[in-house]
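# Per-entry structural report
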Amino acid sequence: MDQPRPSLNRDDPVVITGAGMVSALGLSVAETWKALLDGACGIRPIEGFDAGGFPCRAAAQTRLDPEQDDLYPRWPRLTGLHSHLLHHATREAIRHSNLEQAAIPGEAIGFFVGMGMVDYRVEDLSSAVQSSLDTGGSLDLEQFYSKGYREIHPLWPLSMLNNISFCLVATQWNLRGENTVFSPHADSGAQALIEGVRTLHERKARVVLAGGVSEPVSPHSLARGLLQGMLSVETQRDSTPCRPFSSKRNGTILGEGCGMAALELRSHADARGASYPAMISGYGFAFESEGEGEGPTASAIARAMRDALHSADLAPEAIDVVIAHGDGTVRGDQNEMDAIRQMFAACLNRIRVYGSKGALGHLLAGAPAVDALIGAEMIREGIIPPTLPLAEEAGDLGLPYIRREPTKTRIEKVLVNCRNQEGQCVSLLLEKVEPHRQARGTIC
Amino acid sequence: MVTGYGMVTPLGRTAEATFERASRGESGIGYLTRFDTSGLPCRIGGEVDDAWLTGFADAKARRLEKFASRGAQLAVVAATEAARQAQLDAVGHRDRIGVALGSHGDNPTVEEMRFLHRFYDSNGRWDLKGLHDEGGYAYLQFFRRKPDVAMTLLAHLFACRGSTLSIVSACAAGAQAIGEACRIIREGRCDVMIAGGCEATLTFSGFVGFVLIKALAERYTAPEKASRPFDRKRNGFVMSEGAGIVVLEALDHARARGVSILGEVLGYGDSADAYRITDTHPRGEGAILAMKAALDDAGLTPREIDYINAHGTSTQQNDLAETLAVKEVFGGRAREVPVSSNKSMIGHTIAAAGAIECILTLMGMSRSLLLPTINYEFPDPKCDLDYVPNAARPLTHRIVLSNSFGFGGQNACLCLGAWEG
């Protein structure tokens, strides 16, 4: 039966006027983009803690130094790495879109973020536990309940709230408008972007900052990924451990990072002379899973992509590039490629598929915004970075749609996919903005 | 349109039971029984009776039960009630049903922390082999802490294949989930949304955090007297657990299948204080923005509002700032608009509060009864609105606001309407 297919307003679409990014390959959009074009890989042996006991010992960690960051130096207990990632990328997006000069009141700026899981750090509680040990070295609960807990820093509870880094950054930049925090997986980062687009179309904000931030790579996040069966456990030093769509893929690798986009209606961007490479012109989502923790089915992924196209009144033939979720999991990548083949059956000879996770790792809630901003760069530059691993393999699922080398081509429409492990998937559609409608002051 | 609702609170296992007791001004607060509170400056809270957790009915559901934190189990109880009322089973297009839930996942227990600490030395090194050999940090515990598990469980149990959202905006989460769900329906992306919030943090590690930041009521003569919003002797909030779930539906869809309409979400607005992490803005600027945004969204003015369901936590800061915000938004009319706080009876159910209070407000409209603010004994000269003190008040009211303001400064406001048919 026919369902109503809502389409977004194309006369005054939501455009991307600013971008901020932190990843294992750089501390800005430009740095990350250049490294991606060079075919660099951000996945390295884990630093910062001894991961020797885990069967997965590699991750794509950022080089961001919180000591150099100016976010609430007085509040070290509250500021886990994810707070600094979010702060850093938000600042870049704000400056990139010249928001500070635009003098937009804080209550007219919306802020939507997909946030990775917040874990407690054992060191925050160690002293409380250690002061409550009995003579035999085990925890004396009575001692802990009556006295030991007082050793815990009074701000520790706040650092455990999922929304606290969001609120810190909102305070830092006086972002007082519409807001929501979604969590914890990749779909939540995409929902944040969608909610930002919806808020602008409903004219509930003049500008929106939206995106997502990963969890810090920690023993908790590593253990969680391993227990979920997501991670690649065969980290040979001479190969790329995260191999999206490769026949040798065996799981994903965690990445750290954050992507934040400044979004506004084109009329608003034009009025203040802001430039933009692309618009977010559609989105779709679906939820369906077969097994536990295996992610959405191929039909759900296809439905999300189809709804995204419908909301822009586009046919599959119009799409130039699909930025796949492609996290390197065996079943997940198979389902996604099945969905892509089904969806683009009529144009398989021209569709190109790209995946960033071989280079950046899996940023969970941070992944969709990073991929969307990579999509905007593709549209701007007309080039698709190489999908890692660089060498093709027999039985490669990606062939012939995935190129393991940089590909120059005309790119106007990009579909970005993401999913969680539970069965939710989301697709976002990016389109080049027609040149004759470009704002004054754009540097071409 | 709201076509179903359900809740489980310290006052009752259903929406009806909770409303009934609340209309008599009863308190659901008592001494905590589930963990040892000796030595803590606050020893009270609003626990939900374990007997009210129904478990999971069929075999497929039981398979999922092992993933369910207490918060998720509460959500399932509330959603089952709401789904039955809305006759959700009869909806054919499951692709067009979504879930939006405010939920934070469970905290690790002290026993789990103790276990982990055995494998962690003071130099920051993990004995990962030892941890692994002993079974690691329990697999299921990871799931109970993940904030999207309750939402995923609901999607599975009620066969929802539309959009699923998990929202973690602290005390504003329940109201934000309902607001975001409305936007998805309004945009035409889904016909039906299950929306609300759940919270179960009455464990030592969940509780002690709020003790440490001194947010909880510490001076009280009896547990049921501790939550006293807007009263001069208020001195902190009382933590509770619970869940509230509504079934939201597009008007045409509800009419086409002939299900009764229980009320209407007319508007939704949210804001951030961007002030301080630990403190509410002293003049309630974030609250003002949220209320104005909800009114704008509904296309209404303050003149048309008959009642305000307050956030009213019973902390010095919140209740004063909320009072000032109401005065700013309503001007000369502020004292004419009744304002009451359900938290005086239920306590603060954090991520569930916005949803529970939305439902109680809808029920009050359909029954023409304003629920009271109990424990209102000593008027605070700075809080001088009509708080519906101590006894429920019969009053026909059609259009209301329901406030939810969160830790960290996230604020949400829902504008609700009685359904005129």
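Note that this is a predicted model, so its numbers are computed, not measured. (Residues numbered from 1 in each chain as written. Chains lettered and ligands numbered in written order. Predicted model: local features only at pLDDT ≥ 70, side-chain atom pairs only at ≥ 80, totals over all residues. Heavy atoms only, no water.)

### Points about the overall build of chain A
The number of helices and strands found in chain A is 14 helices and 14 strands. Here chain A has a C-alpha radius of gyration of 22 Å; the compact-globule value for 444 residues is 22 Å, and the two agree. Once the C-alpha set of chain A is aligned to its principal axes, its extents read approximately 75 × 55 × 45 Å. Within chain A, buried positions represent 68% of all 444 residues. Intrachain contacts of chain A at a sequence separation of at least 6 include 78% that bridge at least 24 residues. Per element, the accessible surface of chain A, about 14,800 Å² overall, is 48% carbon and sulfur. Both charge centroids of chain A, one from 42 positive and one from 54 negative side chains, sit 5 Å from each other. (Helix = DSSP H or I, 4+ residues; strand = E, 2+ residues; numbered from the N terminus. Rg over C-alpha atoms; globule rule 2.2 N^0.38 Å. Buried < 20%, exposed > 50% of the residue type's maximum accessible area, 1.4 Å probe, protein only. Contact = heavy atoms within 4.5 Å. Areas by Shrake-Rupley, 256 points an atom, 1.4 Å probe, with all protein chains shown as cover. Lys, Arg positive; Asp, Glu negative; His and termini not counted. Charge placed at Lys NZ, Arg CZ, Asp CG, Glu CD.)

### So, the interface of chain A and chain B
Across the contact, 84 residues belong to chain A and 80 residues belong to chain B. Interface area, chain A with chain B, both sides summed: about 7,200 Å², of which 60% is carbon and sulfur. Three residues, A:Tyr145, A:Arg176 and A:Phe287, lead the burial of chain A against chain B; their summed loss comes to 10% of the area buried on that side. When the shortest N-O distance is used, the salt bridge between A:Arg176 and B:Glu285 registers 2.9 Å. Partitioned by chemical class, the residues of the side of chain A that touches chain B number 43 nonpolar, 24 polar and 17 charged. (Buried area = accessible area lost by both parts, 1.4 Å probe. Salt bridge = Lys/Arg side-chain N within 4 Å of Asp/Glu carboxyl O. Nonpolar A, V, L, I, M, F, W, Y, C, P; charged D, E, K, R; others polar.)

### Points about the pairing of strand β1 (residues 14-22) of chain A
Residue and element names in this part refer to chain A. Among the 9 residues in β1, 9 count as buried, and that is most of the element. Bridge count for β1 against strand β8 (residues 278-287) is 2 bridges, and the pairing is antiparallel. Bridge pairing in β8 links Val-14 to Ile-280. Sheet analysis places β1 next to strand β7 (residues 258-265), joined by 8 bridges and oriented antiparallel. In the sheet register, Ala-19 faces β7, and the bridge partner there is Ala-261. (Pairing = 2+ DSSP bridges.)

### Let's talk about the environment of B:Gly263
Residues and elements named next belong to chain B. One can find Gly-263 in the loop between α10 (251-256) and β8 (264-272). Sequence separation of Gly-263 and Thr-313 is 50 residues, and the distance between their C-alpha atoms is 25 Å. Not counting chain neighbours up to four residues away, the residues in contact with Gly-263 comprise Met-1, Val-2, Leu-362, Gly-417 and Trp-419.

### Here's the deal with unusual backbone geometry
The peptide bond linking A:Ser183 to A:Pro184 adopts the cis configuration, its omega dihedral lying at -5°. Residue A:Pro389 is reached from A:Leu388 by a cis peptide bond, and omega for that bond is 0°. Tracing the backbone through its elements, the reader meets A:Pro389 in the loop between β11 (383-384) and β12 (407-408). Phi is positive for B:Gln87, which is not a glycine, with a value near 50°. For B:Gln87, the position within the fold is in the loop between α3 (70-85) and β4 (97-102).

### Topic: the confidence of the model for chain A
Residue-level pLDDT values for chain A average 88, and 91% of them are 70 or greater. In this model, residues 435-444 of chain A is a region of pLDDT below 50 whose contacts with residues beyond four sequence positions or in other chains number 14 contacts. (pLDDT = per-residue confidence, 0-100.)

### Here's the deal with the sheet that holds strand β10 (residues 339-340) of chain B
Residue and element names in this part refer to chain B. Here we have 5 strands laid out as an open sheet, ordered β8-β14-β13-β9-β10, and mixed in their pairing. Each edge of the open sheet carries a strand with a single partner, namely β8 and β10. Relative to strand β13 (residues 399-405), helix α12 (residues 316-330) is tilted by about 140°, and along the sheet it contacts β9 (307-309) and β13. (Axes fitted to C-alpha atoms, helices over the stretch in contact; angles between N-to-C directions.)

### Describing the environment of A:Asp313
By the secondary structure assignment, A:Asp313 is in the loop between α11 (298-310) and β9 (321-323). On the basis of relative accessible area, A:Asp313 is assigned to the exposed category, the value being 58%.

### What to know about the nonpolar core
In terms of nonpolar packing, the biggest core is built from 102 residues, with A:Leu263, A:Ile374, A:Met378, B:Ile178 and B:Leu248 touching the most fellow members. The element contributing the most residues to this core is helix α14 (residues 367-381) of chain A, with 9 residues. Excluding anything up to four places from it in sequence, A:Leu263 contacts A:Val14, A:Val15, A:Ile16, A:Leu193, A:Val197, A:Leu200, A:Arg206, A:Val207, A:Val208, A:Ala210 and A:Ile280. Among the nonpolar cores identified, the runner-up in size contains 74 residues, and A:Met115, B:Leu116, B:Val238 and B:Ile350 belong to it. (Core = buried A, V, L, I, M, F, W, Y, C linked by side-chain atoms within 4.5 Å.)

### Some remarks on the pattern of salt bridges
Taken as a whole and judged by the stated rule, the model has 57 salt bridges over all chains. With a shortest N-O distance of 2.6 Å, B:Arg21 and B:Glu26 are connected by a salt bridge. Residue B:Asp384 pairs with B:Arg335 through a salt bridge whose shortest N-O separation is 2.6 Å. Remark: B:Arg335 occurs in the loop between α12 and β10 and B:Asp384 occurs in the loop between β11 (369-370) and β12 (393-394); sequence separation between them is 49 residues. One network of salt bridges, with partners in common, ties together A:Glu178, A:Glu195, A:Arg198, A:Glu202, A:Lys204, B:Arg183, B:Arg186, B:Glu187, B:Arg189 and B:Asp297.

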